[in-house]
Amino acid sequence: MTEVNKQRFYKKLAVTGLAVTLVGAGTLGLHYLHFTGEPTVASAAAETYTTTANLNIRSGPSTSNAIIATVKQGTQLTVVGQAASGWLKVSYQGKTGYVSSQHVKKSVSSTTKTYVTTANLNIRSGPSTSSTIVVTVKQGTQLTSTEQAANGWLKVSYQGKTGYVSTQYVKESTDSSEPAPAPAASVYVATANLNVRTTASTSGAVMATLKAGTQLDVTAKAANGWLKITYQGKVGYVSGQYVRALAGMKVVSNPESIQVVVNKQNKLPENYVPKDLVYTTIPFTFKEQTEKKKMRSEAAAAIAQLFAGAKKQGVTLLGVSAYRSHATQSTLFSSYVQRDGYDKAATYSALPGTSEHETGLGIDVTKGDGTCAAQDCFGGTKEATWLDAHAAEYGFIIRYPKGKDAVTGYKYEPWHLRYVGKPVAQAIKTKGITLEEYYGIK
């Protein structure tokens, strides 16, 4: 283009009010050209804004410009300048574009702090224990927080997820550059009924008495074999003689899954309650309408079909015990410890939080006359033989089969059925394996 033609071109653009900014050595061979009518961008220090609605980021300050990205309400954007007509120039994930200022607000400045969890801890969708669990993190996990919610809750960020945690179970990190060291064992339990005291001595006042099998939030070792713990938001001390560290214990992340694996290494979130518990329609060895007659809705329907199928083939069954709440399991395990001691009780009864009965998917059954309920004599009966052969057709497995003690952690229990759904149950039956072996986990 000749110099005369360039000048004519510029004047035409100015008259029509068009705005063009050419960056780089383009067809005109210039680095920057600012024409009359261009919406100028004022230079400014970068500030953080938050979107108040789902919002398009465009290539220019107009709805006629192409959409670069669409971001969700609540997304943070870095504003690097202000354009004309209520548009803002922003930076987002390495891209620069424009958004309407009508749909963003300046973020309240806050200081990000790093916290460390002092116990295995649920991150919830809201600042309340009634809110759903987003994720469960281990003791010693680092969380970042920019905001304190009401009633002793913190708004935190973890692996790209945002949620809330109770301030009772976090402490401010003194060094955010290094993760806090995880304890050798993630879970501690009381091996006997145990007093929590105000000091690390039997002369300290008793704050509370915990049942055997209760999980403890151990924060430090005190002198003379005592452990410092947190209990209901208070600091206390317990004797280490009656505490067992369970190395490798994990909290399951999918407690609502029909195939959830709960065992001595994988526990349910603290005080977990299934959302869809219903009373079963099958007969039990007792008449009272208690929690032991409940199961999750899908499992309840399946056990009714199993009982009906057995009856058609001349096998009569009765329910013994289905769902157990965390509180019930705590009382039951504690009673076994009092009778037989912790180590023996742990061979046949589950620690609170690790019982399949707490999932609402397990049930103990017995013969139609009620005999041999949860006893070894049930093995070898026609009822046990029928269950072994046909339970998988209804989506159930014999959860603790013979010869698999080392895998499941429990002795043979031909009476304990676990609902996992027909495809998984039939695959486990065909292969002659356990739920742990099916999923390749411990």
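Positions within a chain are numbered from 1, following the residues in the order the chain's sequence is written. Local features in this predicted model are restricted to residues of pLDDT 70 or higher, and side-chain atom pairs are both shown and tallied only at a pLDDT of 80 or more, whereas totals for entire chains, interfaces and linings draw on every residue. Think of the side-chain values as coming from all heavy atoms in the structure, minus any hydrogens and water.

(A) Examining the pattern of salt bridges more closely. In the sections that follow, a salt bridge refers to a side-chain nitrogen of Lys or Arg positioned within 4 Å of a carboxyl oxygen of Asp or Glu. All told, the structure shown has 11 salt bridges when counted by the stated rule. Between aspartate 343 and arginine 244 there is a salt bridge whose closest N-O contact spans 3.1 Å. Highlighted residues: aspartate 343 in helix α4 (residues 342-348) and arginine 244 in strand β23 (residues 243-246), separated in sequence by 99 residues. When the shortest N-O distance is used, the salt bridge between arginine 418 and glutamate 356 registers 2.8 Å. With arginine 418 in strand β31 (residues 413-419) and glutamate 356 in the loop between α4 and β29 (362-367), the pair connects residues that are 62 residues apart, well separated along the chain. The pair arginine 418 / glutamate 356 is uniform in exposure class, with both members buried. When salt bridges that share partners are traced, they join Glu356, Arg399, Arg418 and Glu436 into one network. Here a helix means four or more residues in a row that DSSP labels H or I, a strand means two or more in a row labelled E, and each is numbered from the N terminus. Burial here depends on accessible area, computed with a 1.4 Å probe over protein chains only, as a share of the maximum for the residue type. Under 20% is buried, over 50% is exposed, and the range in between is partly exposed.

(B) Examining the packing of aromatic side chains more closely. Stacked, tilted and edge-to-face are the three classes assigned to paired rings of Phe, Tyr and Trp, where Trp is represented by its six-membered ring and a pair needs centres within 6.5 Å; plane angles under 30 degrees give stacked, over 60 edge-to-face, the rest tilted. Summed over all chains, the structure comprises seven aromatic pairs. Ring geometry for phenylalanine 333 and tyrosine 342: centres 5.9 Å apart, planes at 80 degrees, overall edge-to-face. Summarising the burial analysis for this pair, phenylalanine 333 and tyrosine 342 share the class buried. Taking 5.2 Å as the distance between ring centres and 65 degrees as the angle between the ring planes, the aromatic pair formed by tyrosine 336 and tyrosine 348 counts as edge-to-face. Here tyrosine 336 is found in helix α3 (residues 326-340), whereas its partner tyrosine 348 is found in helix α4, with 12 residues between them in sequence. In this structure, lysine 264 is placed above the aromatic ring of tyrosine 410, and the distance from its NZ or CZ to the ring centre is 4.6 Å. Either the NZ atom of lysine or the CZ atom of arginine qualifies as a charge over a ring when it sits within 6 Å of the ring centre and within 35 degrees of the ring normal. Against the face of phenylalanine 286 rests lysine 292, its NZ or CZ located 4.8 Å from the ring centre.

Interpretation note: all reported values are geometric properties and have no functional meaning in isolation.
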